[in-house]
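Each chain, letter by letter, is given below.
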Amino acid sequence: MEKLAPILISAHAGSAIVAGHYAGLWTTIHKHPDKKWTISELSEKAGCKERWVREWVGVLASAGVLKLEEGMIISCDRDVAKTLLPTSAVLQLFTELEMCLDKEDKIGACFKKDGPLGVGYSDFPKFQEWMGNWSCCRNKERNFPEAFMKMVEGGVHEALEKGIRVLEAGCGRGQHVMAVAQRYPNSSFVAFDIDEKTLELNRVDAEKLGLNNLEFVVGDFCNMRPEWANHFDYVMMYDCMHDLPHPDKAMEGLKTVLKDDGVVTMLDIYASSDMVKETKNPMSTVLYNISLHHCMSVSLASGGVGLGACWGVELAQKMLIEAGWEEKELRLFRDGFMDAIFVMTKGKGLM
């Protein structure tokens, strides 16, 4: 039990952290940094029932997330409260637990030799919403898109300023492409995804933002539209290659839609393909578990290869070369603790 007790404690604390998010407690605590609260005061300020807040405090004070002193006085480190705000990417990693913990029976069945291939997208009705929130939080934290476009170099930022044709492949809730289209109004954008319902939501959001330079269409990585051949100056994709059933075909498709002189950027998870090496990092627990419950699972459920979130930069580079990219055309950046950015330059690129 010595090794398992901290894991069990963390699991229950994580659940309570998410409950506090939905109750608005972290936002309330953050608005009053360094304040010492009674349970009654915190409940009143957050608009919550005192009995529920009391039990919540019991969970997180036991776990060391909150501090509970004599006289039932509560306090919270200001950095902890800030990290658990709704706009925090870390908070989104906690809320992702919701998509995992209600599917354990289905995931467990997939382990068995006579069980299902995987749990498919239809079992994750909140995934697009969660992914949109995750993307939005990270974009704000890293000054996306301008800082990103300047970081990848190759003339991407300058070309977007002048005006080019851009494709986002696998756009999901469209947080990335809408941000780029808004920042670079001289360029024209097409974004595709397989989920028509999500695209309808995106079109409404784009209209509210007044984005006349952006079109959302249904599309498939393995069946790119014939009219897209050699059509786009810049192709971008974010956080989805490892989810795809047939990533090898998708990598080939990215090159076919690019003009003779163009650039592709592919953001994915920064991990090592060497599992022994990768598991030395405790944070890889999060990545492997998200992959177990979603990334690998949805790919396998579609009859795919099930790369998983921790497929690793070594395998990614190998697959890109097998898809027709030359080694000299590839560059790799690391951004933060978990993002790998692959930059593929065709011909002269955008310089």
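Look above for the structure.
None of the values given here were measured: they were computed from a predicted structure. (Residues numbered from 1 in each chain as written. Predicted model: local features only at pLDDT ≥ 70, side-chain atom pairs only at ≥ 80, totals over all residues. Heavy atoms only, no water.)

**Student:** Where do I start with helix α13 (residues 196-208) in this structure?
**Tutor:** Since there are 3.6 residues in each turn of an α-helix, residues three or four apart along the chain are aligned in direction. For α13, spanning 13 residues, the distance from its first C-alpha to its last is 19 Å, which sits close to the expected 18 Å at 1.5 Å a residue. Every buried residue of α13 is listed here: T198, L199, N202 and A206. Along the axis of α13, the buried residues cluster in a sector spanning 95°; they form a single face. The outward face of α13, more than 90 degrees from its buried face, is lined by the exposed residues K197, E207 and K208. Buried positions along α13 lie against α9 (127-141), α12 (175-183), β5 (188-193) and β6 (214-218). (Helix = DSSP H or I, 4+ residues; strand = E, 2+ residues; numbered from the N terminus. Expected span 1.5 Å × (residues − 1). Buried < 20%, exposed > 50% of the residue type's maximum accessible area, 1.4 Å probe, protein only. Arc of directions from axis to C-beta. Contact = heavy atoms within 4.5 Å.)

**Student:** How should I be thinking about the layout of surface pockets in this particular structure?
**Tutor:** Any space left empty among the atoms is revealed by the rolling of a water-sized probe across them. As a volume, the largest pocket reaches approximately 880 Å³. Y121, Q128, D193, I194 and D195 are, among the 37 residues lining the largest pocket, the residues nearest its centre. At the level of secondary structure, the elements contributing two or more residues to the lining of the largest pocket comprise α9, α12, β5 and α13. Tallying contributions element by element places α9 first for the lining of the largest pocket, with six residues. (1 Å grid on protein atoms, 1.4 Å probe; cavity = no way out; pocket = protein on both sides within 12 Å on 5 of 7 lines; lining within 4 Å. Points joined across faces, edges and corners; volume = space filled by probe spheres on them.)

**Student:** Got a minute to help me understand the sheet that holds strand β1 (residues 37-38) in this structure?
**Tutor:** Whenever strands of a sheet pair, they do so through backbone hydrogen bonds, lying parallel or antiparallel. One open sheet holds the three strands; their spatial order is β1-β3-β2, and the pairing between them is antiparallel. A single partner strand is all that each edge strand has here, and the edge strands are β1 and β2 (67-69). In this sheet, strand β3 (residues 73-75) lies alongside β2 in antiparallel orientation, the contact comprising three bridges. Bridge pairing links E69 to I73 in β3. (Pairing = 2+ DSSP bridges.)

**Student:** Looking at this model, I keep getting lost on the packing of aromatic side chains. Mind explaining?
**Tutor:** Given two aromatic rings, their pairing is described by the distance between the two centres and the angle made by the two planes. A complete count under the given rule lists ten aromatic pairs for this structure. With a centroid separation of 5.9 Å and an interplanar angle of 75°, the aromatic rings of W228 and F232 are classed as edge-to-face. Grouping residues by exposure puts W228 and F232 together as buried. By way of ring pairs, the aromatic residues Y121, F127, W130 and W134 are connected into one cluster. The ring of Y184 has R183 lying over it, and the distance from NZ or CZ to the ring centre is 4.6 Å. (Phe/Tyr/Trp six-rings, centres within 6.5 Å; stacked < 30°, edge-to-face > 60°. Lys NZ or Arg CZ within 6 Å of the ring centre and 35° of its normal.)

**Student:** Can you walk me through the environment of C100 in this structure?
**Tutor:** Within the secondary structure, C100 is located in helix α7 (residues 97-101). With 57 residues separating them in the primary sequence, C100 and H157 have C-alpha atoms 38 Å apart. Among all residues touching C100, those that are not within four sequence positions of it are N289 and H293.

**Student:** Got a minute to help me understand the packing of helix α3 (residues 39-46) against helix α4 (residues 50-63) in this structure?
**Tutor:** When two helices pack together, their arrangement is captured by the angle between the axes and the distance separating the axes. α4 packs onto α3 with a crossing angle of 120° between their chain directions and a minimal axis gap of 9 Å. In this structure, α3 crosses over α4, and the sense of that crossing is right-handed. Of α4, the residues touching α3 (which contributes I39, S40, L42 and S43) are E50, V53, R54 and W56. Classifying every residue of the contact of α3 with α4 by side-chain character gives four nonpolar, two polar and two charged. (Axes fitted to C-alpha atoms, helices over the stretch in contact; angles between N-to-C directions. Left-handed = near helix turned anticlockwise from the far one by under 90°. Nonpolar A, V, L, I, M, F, W, Y, C, P; charged D, E, K, R; others polar.)

**Student:** Please explain the sheet that holds β6 as it appears in this structure.
**Tutor:** Overall, mixed pairing links the seven strands, which are arranged β6-β5-β4-β7-β8-β10-β9 in an open sheet. Of all the strands in the sheet, just β6 and β9 (330-335) have a single pairing partner and so form its edges. Strand-to-strand twist across the sheet, computed as the mean angle between neighbouring axes with direction ignored, equals 20°. Summarising the sheet, strand β4 (residues 165-169) and β5 pair through five bridges and their orientation is parallel. Residue R165 lies in a different strand from β5, and its bridge partner there is S188. Each of β4, β7 (232-238), β8 (258-269) and β10 (339-346) touches helix α14 (residues 247-256); the most contacted strand, β8, lies at about 145° to it.

**Student:** I keep staring at the side chain of S272 and nothing clicks. Help me out?
**Tutor:** Examined against the element boundaries, S272 turns out to sit in the loop between β8 and α15 (275-278). For S272, a relative accessible area of 6% puts it in the buried group. One polar contact links the side chain of S272 to the main-chain amide nitrogen of D274, over a distance of 3.0 Å. The contact partners of S272, leaving out residues within four places of it in the chain, are K277, E278, C310, G312 and E314. (Polar contact = N/O pair within 3.5 Å; in protein donor to acceptor, adjacent residues only side chain to side chain.)

**Student:** Just checking my understanding: could you explain the nonpolar core for this structure?
**Tutor:** If you look at the biggest cluster of nonpolar residues, it comprises 32 residues, and the most contacted ones within it are F221, W228, M241 and L254. Apart from residues lying up to four places away in sequence, L254 is in contact with A169, F221, M224, V235, M237, M241 and V264. The next biggest cluster of nonpolar side chains, apart from the first, holds 31 residues, and it includes A181, Y234, I341 and V343. (Core = buried A, V, L, I, M, F, W, Y, C linked by side-chain atoms within 4.5 Å.)

**Student:** I'm lost on the pairing of β9 in this one. Help?
**Tutor:** For a regular strand, the rule is simple: side chains alternate between the two faces of the sheet. Bridge analysis of β9 against β10 gives six bridges, and the strand direction is antiparallel. Across the sheet, the residue bridging to D335 is D339, located in β10. Between β9 and β10, which pair antiparallel one after the other, the connecting turn spans three residues, and G336 there sits at a positive phi close to 75°.

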